[in-house]
Amino acid sequence: MKSVEKTLKQFQYYFIFMGPAILLFTILFIIPFIGEIYYSFTNWNGIDNFYEIIGINNYLRTFQDDAYWRAMWFTISFSALSVIFSNLIAFCWAYILSKPVPFRNFWRAIIFLPRIIGGVVLGYLWRFIFQNAFVQFGEATNISWFAQNWFSTPESSFYALVIVFTWTLSGYLMLIYSAGFAAIPGELSEAAVVDGASSFQILKNIIIPMIMPSITQCLFIAINWTMLLYDTNISLTNGNPYRSSEGVTMNIYATAYRTNQIGYGAAKSCIFILIIVAITMVQIYITSRREVEL
Amino acid sequence: MKRSENLRIGFSLLILIISVTIVIIPLVLVVINSFKPYSEIAENISALPKEFTLRNYQQAWKRLNFPTVFKNTLFIAVFSNIGSIIFAGMTGYWIVRHPCRFTKVWYLLIIAGMSVPFQGIMITFAKMAGFLKITNHLYGAVISNWVFSMPMSMFLTAGAVKSVPYDIEESARIDGCGPLRTYWIIVFPLIKGTVFTIASLNIITYWNDYLMTQFLLTKKGLRTIQIAMQSLFNEAFFAWDTALGAISLSMLPLFLFFIFAQKQVLDGVAAGAVKG
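Residues numbered from 1 in each chain as written. Chains lettered and ligands numbered in written order. Predicted model: local features only at pLDDT ≥ 70, side-chain atom pairs only at ≥ 80, totals over all residues.

When you go through chain A residue by residue, the secondary structure sums to 13 helices and 0 strands. Taken from N to C terminus, the helices and strands of chain A fall in the order α-α-α-α-α-α-α-α-α-α-α-α-α. The C-alpha atoms of chain A give 24 Å as radius of gyration, which overshoots the globular expectation for 294 residues (19 Å, by more than 25%). Taken over the C-alpha atoms alone, chain A extends approximately 75 × 75 × 30 Å along its principal axes. Each of the 294 residues in chain A was classed as buried or not, and the buried ones make up 43%. Taking contacts inside chain A between residues at least 6 apart in sequence as the whole, the part at least 24 apart equals 73%. (Helix = DSSP H or I, 4+ residues; strand = E, 2+ residues; numbered from the N terminus. Rg over C-alpha atoms; globule rule 2.2 N^0.38 Å. Buried ≥ 20, exposed ≤ 12 C-beta atoms within 10 Å, placed from the backbone. Contact = placed C-beta atoms within 7 Å.)

Here it is in structure tokens:
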């Protein structure tokens, strides 16, 4: 009898500690995830109570949907450029700040600052900068690139998004690289200095191999972040001109809610997730293979 | 040696000053121009206000319905965080301290949630929210935030619990201390540092969320700052002067938060980096 009571008591604590989390996670995460896959095989419009299972038709349709693949290509190329720029800048900042510099914490705080601005506010803030500040600056200095009519050409919308995401991501990634630099034992570089290695040799042969875990992580964060763009997309370019600067999420959203094709939208989002997971898997495979351990 | 060191510091400072200037210019321009009437903005963006005005802020305050949207956003951010601390912490703790098949499976399931972005479940999530009738209630957004921040928060707190020596809990248990008291009185104070750094990062995420919130809160009185900004920019009579007041106003709360919690936020990123 005693042991039954003990098991019951133990069960009760499992319930208290894990119950709420498991319940909520199942209802609002696991079931919607399974539901998304399920609906992707139906022709549900999201309004009626009935729908049919139409097999892989939604997927076949997605593969022939030019607008979707244009959005995909836009998102991937925008993501690639933003990831490269923000990581390069972040790495340089972290490198400079890894050595003794006056007011170190002040620089770190200011560089991180853009990260606290997010969502649609980020997009609107920059729309002002592009459409007003850039234009006035371009007219004053006669640099036509700045004075162009922003968001009226596909290129300008594309580069605008790259600039905004580089701005907002670099400071955040800088902090992660800084943590990576701090974890490198100081003796390594000191020994190399004693042996007469130049700064560049130390960077290439000691720092970069040692900081590879941070590179893996920063690339992962930056890829995910940029691939999932939505709020800044609708607020900054809103797809202009002619839906050419539309990210994949915008495309899915429009399919599911503007044209009421929940099933079709679900299929699109399943393909999108698969592509993101594939890209990040390849990235983690490539960069983590180069990680070294002491 | 000394000279090259000075040269390096000088060069570093130069690069940092240039970088910081570029980073901060957009923010400074928005703030400066938010105090100008539109004619002055159109004339010269980089000039300081000649005719200092608070009209833009008054307009923005009224059109955003700022007191209400601020209250809503704050409510969501605060209660999302409290719940996230309680649930992610307790679950993470129990999973670490009671390794068995059941806890391991759930640990993996929740962690796997990190690789499924909201975009992957949003359509069915919105239907589910409608079905559960949690739309158009602030607590609906709060509960959803608990769920979507759970993978990361639980992962980090589980990591923190692992570094707490088990002996302390063991002796507490022998002294007749139940699991709940053990967690809250002994373990929680020891992992408090990690918990608060996660919390200060989560605040930024909750505060800036748009995509999920717009599925849940559609009633006018329940708008968050982000939703109100979006509808302000979609309204007719759009003018940059009021818009700039609105942008500055909506950035201000998090900016103040960042000034006070700077250390936690910056450490939080680093902590997440080392453990992630």
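With that settled, consider the packing of helix α12 (residues 248–258) of chain A against helix α13 (residues 262–289) of chain A. Residue and element names in this part refer to chain A. Here α12 crosses α13 at 160°, and the two axes come no closer than 7 Å. With respect to α13, the axis of α12 lies roughly antiparallel. α12 and α13 meet at a crossing whose hand is left-handed. Across the interface between the two elements, Val248, Asn251, Ile252, Thr255 and Ala256 of α12 pack against Ile262, Tyr264, Gly265, Lys268, Ser269 and Phe272 of α13. Grouping the constituent residues of the contact of α12 with α13 by class yields 6 nonpolar, 4 polar and 1 charged. (Axes fitted to C-alpha atoms, helices over the stretch in contact; angles between N-to-C directions. Parallel < 35°, antiparallel > 145°, perpendicular 65-115°, else oblique. Left-handed = near helix turned anticlockwise from the far one by under 90°. Nonpolar A, V, L, I, M, F, W, Y, C, P; charged D, E, K, R; others polar.)

Take the domain arrangement of chain B next. Along its sequence, chain B is carved into domain 1 (2–33) and domain 2 (57–275). Each of domain 1 of chain B and domain 2 of chain B was reduced to a C-alpha centroid, and the two centroids are 33 Å apart. (Domains from an automatic or database assignment.)

Here we take up the packing of helix α3 (residues 66–97) of chain A against α12 of chain A. All names here are of chain A. Orientation of α3 relative to α12, taken along the N-to-C sense of each, is 155°, at an axis distance of 8 Å. Considering the angle they form, α3 stands roughly antiparallel to α12. Contact with α3, carried on its side by Ala67, Tyr68, Ala71, Met72 and Thr75, involves Val248, Met250 and Asn251 of α12 and no other residues of that element. Considered class by class, the residues forming the contact of α3 with α12 number 6 nonpolar, 2 polar and no charged.

Turning our eyes to something else, we now look at the interface of chain B and chain A. Facing 64 residues of chain B, the contacting portion of chain A comprises 65 residues. Elements represented by at least two residues in the side of chain B that touches chain A include exactly α1 (2–33), α4 (66–97), α5 (101–112), α6 (122–132), α7 (138–162), α9 (179–208), α11 (225–234) and α12 (240–275) of chain B. For the side of chain B that touches chain A, the element with the highest residue contribution is α12 of chain B, accounting for 15 residues. Partitioning the side of chain B that touches chain A into residue classes produces 48 nonpolar, 15 polar and 1 charged.

This part takes up the confidence of the model for chain A. Residues with a pLDDT of 70 or more make up 98% of chain A, whose mean pLDDT is 89. Ranking the elements of chain A by mean pLDDT puts helix α8 (residues 186–194) of chain A last, at 82, and α3 of chain A first, at 94. (pLDDT = per-residue confidence, 0-100.)

Residue and element names in this part refer to chain B. Among the structural elements, Ser46 can be located in the loop between α2 (38–43) and α3 (55–64). Judged by local crowding, Ser46 falls into the partly exposed class, with 13 C-beta atoms found within 10 Å. Separated by 18 residues in sequence, Ser46 and Val28 have C-alpha atoms that sit 9.4 Å apart.

Right, let's talk about α8 of chain A for a bit. For α8 of chain A, a buried count of 0 out of 9 residues is recorded, marking the element as mostly open to its surroundings. Gly196 of chain A, located one to two residues past α8 of chain A, shows a positive phi value of around 85°.

A word on unusual backbone geometry. Negative phi characterises most residues that are not glycine, and trans characterises most peptide bonds. In this chain, Asn240 of chain A is followed by Pro241 of chain A through a cis amide linkage whose omega measures -10°. Phi angles above zero are rare outside glycine, and Asn65 of chain B is one such case at about 60°. Along the chain, Asn65 of chain B falls in the loop between α3 and α4. On the basis of neighbour count, Asn65 of chain B is assigned to the partly exposed category, with 16 C-beta atoms found within 10 Å.

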